[in-house]
Every structure is written in structure tokens, then in C-alpha cells.
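An overview of the molecular structure
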Amino acid sequence: HRAGASVFRVVPGASLGDAAPLLVQAPGWFARSIGQSTPYPAALNRVAVTLGSNAAISYAGVSKVTLSGLTGSATPSSNVSLTLSAVDGGGGGAALFDAAVGAGEWDQASGTL
């Protein structure tokens, strides 16, 4: 660009007016991904989920995150162990969850965790 020209930063998913003073965004996920350690049946498989929210996720025992759409699994419904960990560059949100609980409820029929 030439000296004195306006430079605009483009943010993926941004719309005109998003930078307006005192604008309050609706809560939502700006980052979400899911992956697995292996695609092979009957193998030990670790599922990794990454979430990033544009709103505070309250406190342990108050907020609840439900993963849905995990259909087609042969794993029967049960309580499952969970490991929460922070990621490089993250905001430390994993610390808001009660890591001592370390469990979730898997429902095979609905595909929810």
C-alpha cells in the first residue's frame, strides 16, 4: 500500500458493523474441531475436541458442554473418562472445568457426550 493509505484487516466471518462501539455479539463458537487418533475399528481411539467461545464459559459445575452428532459408534452407553488440557495459545479455559471430575456420560443411541 502507499503511504497514508487506509489499511483494513480482514477477519474471517466478520461483517460490516462488527467493530461498532458497544456492539455486543451473541454467544457462539469461533473455533471448533474434532479428530480421532485412529480410524480403525476395535482399536483404542482417542477423540480430541477443540472449542473456542467468544463468551465466558462460566464455572465448574455450572456450565455444560454437550457434543452431539457422534452417531455410528459401536461403543455402548456408559460413563467415560475425560482428560481436559490447555493448548498453546489458548486462554486457559480448560482450568474453568472441574478436572477432578474427569468423566462424561456417553449415550450411544443419541450419539451425545
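This text follows the structure it describes.
Residues numbered from 1 in each chain as written. Predicted model: local features only at pLDDT ≥ 70, side-chain atom pairs only at ≥ 80, totals over all residues. Heavy atoms only, no water.

**Quick word on the overall build of the protein chain**
Assigned secondary structure in the protein chain consists of zero helices and four strands. Going residue by residue from the N terminus, the α and β elements of the protein chain occur as β-β-β-β. The buried share among the 113 residues of the protein chain stands at 5%. Considering only contacts within the protein chain whose residues lie at least 6 apart along the sequence, 52% involve residues at least 24 apart. Within the structure as shown, the protein chain displays about 9,500 Å² of accessible surface, and the carbon and sulfur contribution to it stands at 57%. (Helix = DSSP H or I, 4+ residues; strand = E, 2+ residues; numbered from the N terminus. Buried < 20%, exposed > 50% of the residue type's maximum accessible area, 1.4 Å probe, protein only. Contact = heavy atoms within 4.5 Å. Areas by Shrake-Rupley, 256 points an atom, 1.4 Å probe, with all protein chains shown as cover.)

**A short note on the side chain of Thr-38**
Considering the arrangement of structural elements, one finds Thr-38 in the loop between strand S1 (29–36) and strand S2 (47–53). Aside from chain neighbours lying at most four places away, what touches Thr-38 is Ala-43, Leu-44 and Asn-45.

**Let's talk about the environment of Pro-76**
Looking at where Pro-76 falls in the secondary structure, it is placed in the loop between S2 and strand S3 (78–81). The sequence separation of Pro-76 and Ala-109 amounts to 33 residues, and the corresponding C-alpha distance is 8.6 Å. Apart from the residues within four sequence positions on either side, Pro-76 is in contact with Trp-106 and Gln-108.

**Some remarks on a nonpolar patch on the surface**
A surface patch of nonpolar side chains, about 500 Å² in accessible area, is lined by Trp-29, Ile-34, Val-47, Val-49, Leu-51 and Val-65. For the nonpolar patch, the secondary-structure elements that each account for two or more residues are S1 and S2. With three residues, the single largest contributor to the nonpolar patch is S2. Looking at where Val-49 falls in the secondary structure, it is placed in strand S2. (Patch = residues over 30% accessible without salt bridge, like charges linked within 9 Å, V, L, I, M, F, W, Y side chains within 5 Å. Salt bridge = Lys/Arg side-chain N within 4 Å of Asp/Glu carboxyl O.)

**Observations concerning unusual backbone geometry**
The phi dihedral of Leu-22 falls on the positive side, at around 65°, and the residue is not glycine. Of note, Leu-22 is situated in the segment before S1. At Ala-42, a residue that is not glycine, the phi angle is positive and equals roughly 65°. With respect to the secondary-structure elements, Ala-42 resides in the loop between S1 and S2. Ala-42 sits in the exposed class, given a relative accessible area of 89%.

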